[in-house]
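# Architecture at a glance
What follows is each chain in one-letter form.
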Amino acid sequence: MSDKSRGAYWSANLRIISISLVIWALVSFGFAIILRPLLSGIPVGGTDLGFWFAQQGSILTFIVLIFYYTSYMNKLDKEFDVEE
Amino acid sequence: MDQFLINLIFVGASFALYIGIAIWARAGSTSDFYAASRGVNPIVNGAATAADWMSAASFISMAGLIAFVGYGNSTFLMGWTGGYVLLAMLLAPYLRKFGRFTVPDFIGDRYYSQTARTLAIISLLVASITYVIGQMTGAGVAFSRFLEVDNTTGLLIAAAVVFAYSVLGGMKGITYTQLAQYVVLIIAYTIPAIFISLQLTGNPLPQLGLFATHTGSGQPLLTTLNEVLVELGFNDYTGNHGSTFNMVLFTLSLMIGTAGLPHVIIRFFTVPKVSDARKSAGWALVFIALLYTVAPAVGAMARLNIITTIFPNGVQEQPLAYADKPDWMINWENTGLLAFEDKNGDGFIQYYNDANAPAFAEGLGWAGNEMVTFNRDILVLANPEIAQLPGWVIGLIAAGGLAAALSTAAGLLLAISSAISHDLIKSMLNPSISEKGELMAARISMAFAIALATYLGLNPPGFAAQTVALAFGLAASSLFPAIMMGIFSKKMNSAGAVAGMIVGLGSTVLYIFTYLGWFFIPGTNMLANTPDNWIFGISPLSFGAVGAALNFTAAFIVNKMTGDAPAEIQEMVEGIRVPKGAGGAVAH
C-alpha cells in the first residue's frame, strides 16, 4: 500500500478515535461528575440524570462506542484494502 | 438440606468442572501456553477477559464500597469499565498485530532496548504480584466462611486447583476455565440481585429496580434510602460529598490503569485477527457490564435492607432486639467481620452515625452506634441471607466468589510466569533455549508463582489493601504511556521511552510512599495522608493519571533532545498500524 493511502487510513483512524474519546469523556467526567449540577433538574427515579450516568449510562455508552468503532474500522479496513 | 452440604456441592461441582477443562485443554507448545495458539473466538475471549478482569474486588468488595458511600464511589464503576474503551481503540488491536506473547516483549522490541524491557518486566511483576495477593486472601475468606475449613486449608485447596489448570494448560487451559468461571460468577451475582430487586420494587431487572418505586414506601427507592440515611445522621446516598477534582482524577487513573494492566492486555493476544481484538474488547465490556450495572443496585438495595432489618418499624421506633438477631448476623459475627456492642444495655440494636447523631437519639436513650463493625466485603456474600433467599442461592454465591478470585489469580499468574520464562529467560538470559525448554521453564515459573501467591495469601502483608493503588498506579504511569507512544508516535525513541517510564514510575511510587509509608510500612510516611498535605489536593490513590502525564511529558522532551527512532523501527510501527498481514503466532 502506498504511503499516501497509509497516511489517509491512519488519519481516518485518529479522527474516529478522537471523536469517540470526546464522547467517552463527556458521559463520564462530564455528565456524571463535572456537569452533573447542570443535569440536576432532570429527574430519574428518585435522583437525577447525572447519577444515572455515573452508575449506568456511562457504562452503556462505553459499550456502544466500542462496537461503533469496531464496525467503523472494519469498513475502513475494507475500503483501504488492509483487512486480513 | 444442611447449608454446609449445599455449599460443598456447589463449590465441589464448579471445581470438578475446572479440573475437567484443565485435562481437556492441555498445552503442547509455547504458543498454546502463552496465547492459546491465537485460536480463541472473540466472544469467548470476551467472556474470559471479563472473568480475568472481575476479581474478588469486583465480585465481593465493589457493591459494598458503593453501598456505604453512594454516588461518590461511582468512580469504581466508570473507572473499571472506561479503560476498555482505551484498550479497544489505543492498545489491543495494534498489540495483536505486533503478534508477540507479552507486554515487555512489545516494549523491549519497539524501543530496541533491554533497559526498556527490564523496566516493563519490573512494572509487570510488581503490579501483578501485589494484585494476586488480594485474590488469594479473597479465596481464603470465601472458603473459611462457606466451607467451614480454616483459612490455610482453604487456600491450599484453591492453590491446588489453580495449579492443575494453569500449569497443565497455560493460556489455553486458563481461557476455557475462565469462560466457565464467568458463567458461574455472573449467575451467582445476578440471581440474588434479581430476587432482591423483585422484593423491593417488583421489577426483575436490578438496573431498572434501582430507579423504580419502592413497594414498601410507595416512593422511589433512592428517595426512601436518602431519607432514612439522613434521618440516622449519615450522608445522603445520591449526593456528592467529596472533591469533584479527585473524583475525576481517580476515575481517570482507574481507566488508564485498567488499560495498562498486563494480565488484561495479554488476553487480546489470543484471538485470531486484529479486528477480533477490537470486537473482543467490546464483548468483554458487555460481559463486565452485566455485573457492573447490577452492582450499584445491589449496593443501594443491601444498604436499605440492612437498615430495615435493624429498624423494622421505622428508624424512630423500637429497633431489632439482640435476642431476635437473624442467623446471618450470628454467622458473620463468628468471622469477626461483623460486631455489635450493646452500649446502652437496653437489649436492642441501634445503628446510626453517632458522629452526627440525630436530635431524637438522646431522647430515645441511644448511647452510640451499636453495629460497631460491618466489614464492607461481607455485603455481597451475606446479601442472599439478608434478603432471606433460599439455601441454594447462598451455595451459588460461594461458588461465584471463588470463581471470581481464582479466574483473576490464574490470569495474573500467567502474566507473571510468562514475564519470567519468556521475557527474562528467553529474551534476556538464554536466547538459545529450545521451545521445549521454554515450555518447561514456563511451567516451572508458573508453579513458582503459585507457591509465592499462596505464601503471600497465607501471610498477607498488612498493606494488602493499599497495594492495589500501587498496581493501578504502576500500570497507568509506566506501561500504558510506553505502549501507547510506541504505537501513536513512531518517532519516539528508546531514550525517550526509558526516561518516561522512569519519571512516571518514580513519581508515582514516591507520591504513594510519601503518604502511605515507604513500602507501606506504617509510620514511615513523610507526610500525614490528609487532604491538606496533598500536592494540589491530589489523593495518592488518584496519582496514576498524573504519573502518566509526567511520563508522556518526559518522553517527548527527551525524544526531542536525542533524535528520532531509527528508520526500521518507524517502518515497524507503520506495519503495526494496519491490520493486514497479522497472521498466526510469531515466535522469535
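Quantities reported herein were computed from a predicted structural model and do not represent experimental measurements. (Residues numbered from 1 in each chain as written. Chains lettered and ligands numbered in written order. Predicted model: local features only at pLDDT ≥ 70, side-chain atom pairs only at ≥ 80, totals over all residues.)

Attention shifts here to the overall build of chain A. Looking only at helices and strands, chain A has three helices and two strands in total. Put simply, chain A runs from its N terminus to its C terminus through helices and strands in the order α-α-β-β-α. Taking 2.2 N^0.38 as the reference for a compact globule, 84 residues should give roughly 12 Å; the C-alpha atoms of chain A span a radius of gyration of 17 Å, well beyond that estimate. If one aligns the C-alpha atoms of chain A with their principal axes, the spans along those axes are about 55 × 20 × 15 Å. The contacts in chain A between residues at least 6 apart in sequence include a share of 56% that link residues at least 24 apart. (Helix = DSSP H or I, 4+ residues; strand = E, 2+ residues; numbered from the N terminus. Rg over C-alpha atoms; globule rule 2.2 N^0.38 Å. Contact = placed C-beta atoms within 7 Å.)

Counting residues at the interface gives 35 residues for chain A, matched by 41 residues for chain B. Within the residue set of the side of chain A that touches chain B, elements represented by two or more residues are helix H1 (3-34) and helix H3 (49-79) of chain A. Per-element accounting of the side of chain A that touches chain B gives the leading share, 17 residues, to H3(A). Of the residues contributing to the side of chain A that touches chain B, the split by class is 21 nonpolar, 10 polar and four charged. (Nonpolar A, V, L, I, M, F, W, Y, C, P; charged D, E, K, R; others polar.)

Now for the UniProt feature "domain: Sodium symporter small subunit" (unreviewed entry) in chain A. With numbering matched to this structure, UniProt assigns "domain: Sodium symporter small subunit" (unreviewed entry) to residues 8-83 of chain A. The span residues 8-83 of chain A carries 82% helix and 5% strand; its end-to-end C-alpha distance comes to 15 Å. (UniProt positions renumbered as here; feature names shortened; annotations may be inferred.)

Our focus in this paragraph is the domain arrangement of chain B. Under the domain assignment used here, chain B contains domain 1 (3-301 + 389-577) and domain 2 (339-374). In this complex, domain 1 of chain B contributes four residues to the contact, which on the side of domain 2 of chain B involves five residues. (Domains from an automatic or database assignment.)

Right, let's get into the nonpolar core. Residue and element names in this part refer to chain B. By size, the foremost hydrophobic cluster in this structure holds 228 residues, and its most contacted members are Leu 185 and Leu 413. With 21 residues, the single largest contributor to this core is helix H8 (residues 151-201). Lining this core are residues from two domains, each supplying at least three of them: domain 1 (3-301 + 389-577) and domain 2 (339-374). Residues within four places of Leu 413 in sequence aside, it is in contact with Val 132, Val 162, Ser 166, Met 446, Ala 449, Ile 450 and Ala 453. (Core = buried A, V, L, I, M, F, W, Y, C linked by C-beta atoms within 7 Å. Buried ≥ 20, exposed ≤ 12 C-beta atoms within 10 Å, placed from the backbone.)

Residue and element names in this part refer to chain B. All of the buried residues along helix H15 (residues 327-335) are Trp 328, Met 329 and Trp 332. Looking straight down H15, one finds its buried side chains confined to an arc of 100°; they lie on one side. In this structure, H15 carries Asp 327, Ile 330 and Asn 334 as exposed residues pointing more than 90 degrees from its buried face. Phi turns positive one or two residues past the end of H15, at Gly 336, with a value near 85°. (Arc of directions from axis to C-beta.)

It is worth spelling out helix H11 (residues 244-260) of chain B at this point. The end-to-end C-alpha separation of H11(B) is 24 Å, in line with the 24 Å expected for 17 residues at 1.5 Å each. In terms of residue burial, H11(B) counts as a mostly covered element, since 14 of its 17 residues are buried. (Expected span 1.5 Å × (residues − 1).)

Positioned with a positive phi, A:Asp81 is a non-glycine residue whose angle comes to about 55°. Tracing the backbone shows A:Asp81 in the segment after H3.

A word on the UniProt feature "transmembrane region" (unreviewed entry) in chain A. All names here are of chain A. Listed under "transmembrane region" (unreviewed entry) in the UniProt record, and renumbered for this structure, are residues 12-39 and 51-70. A helix fraction of 96% and a strand fraction of 0% characterise residues 12-39, whose end C-alpha atoms lie 33 Å from each other. Helix and strand shares over residues 51-70 are 100% and 0% respectively, and the end C-alpha atoms of the span are 28 Å apart.

Geometrically, a packed helix pair is captured by the angle between its two axes and the distance between the axes. Residue and element names in this part refer to chain B. The contact between helix H14 (residues 295-310) and helix H17 (residues 378-386) brings their axes to 11 Å, and the two run at 55°. With respect to each other, H14 and H17 are oriented oblique. Note on packing geometry: the crossing formed by H14 with H17 is left-handed. For the pair H14 and H17, the contacting residues are Val 298, Ala 302, Asn 305, Ile 306 and Thr 309 in the first and Leu 379, Val 380, Asn 383 and Ile 386 in the second. (Axes fitted to C-alpha atoms, helices over the stretch in contact; angles between N-to-C directions. Parallel < 35°, antiparallel > 145°, perpendicular 65-115°, else oblique. Left-handed = near helix turned anticlockwise from the far one by under 90°.)

With that settled, consider the packing of H1(A) against H3(A). All names here are of chain A. Packing of H1 against H3 leaves a shortest axis separation of 8 Å and a crossing angle of 170°. With respect to H3, the element H1 is oriented roughly antiparallel. Contacts between H1 and H3 involve Tyr 9, Ala 12, Asn 13, Ile 16, Ser 20, Ile 23, Trp 24, Val 27, Ser 28, Phe 31 and Ala 32 from the former and Gly 50, Phe 53, Ala 54, Gly 57, Ser 58, Thr 61, Phe 62, Leu 65, Tyr 69, Tyr 72, Met 73 and Leu 76 from the latter. Its residues placed into classes, the contact of H1 with H3 shows 16 nonpolar, seven polar and no charged.

Residues and elements named next belong to chain B. If you trace the backbone, Gln 219 turns up in the loop between helix H9 (206-209) and helix H10 (221-231). Assessed through the 13 C-beta atoms surrounding it within 10 Å, Gln 219 is described here as partly exposed. Sequence separation between Gln 219 and Thr 201 is 18 residues; the distance between their C-alpha atoms is 10.0 Å. Excluding residues that lie within four positions of it along the chain, Gln 219 makes contacts with Thr 213, His 214 and Thr 224.

Here chain B shows a mean pLDDT of 90. Residues at 70 or above account for 97%. Every residue in residues 584-588 of chain B scores below 50 in pLDDT, and together they form 10 contacts with partners more than four places removed in sequence or on other chains. (pLDDT = per-residue confidence, 0-100.)

All names here are of chain B. Among the secondary structure elements, Leu 379 is positioned in helix H17. We classify Leu 379 as buried; it has 25 C-beta atoms within 10 Å. Between the alpha carbons of Leu 379 and Glu 341 there is a distance of 20 Å; along the sequence they are 38 residues apart.

Residue and element names in this part refer to chain A. Counting through the fold element by element, Ala 25 comes out in helix H1. We classify Ala 25 as partly exposed; it has 17 C-beta atoms within 10 Å. Distance from Ala 25 to Phe 62, taken between C-alpha atoms, is 9.9 Å for residues 37 residues apart in sequence.

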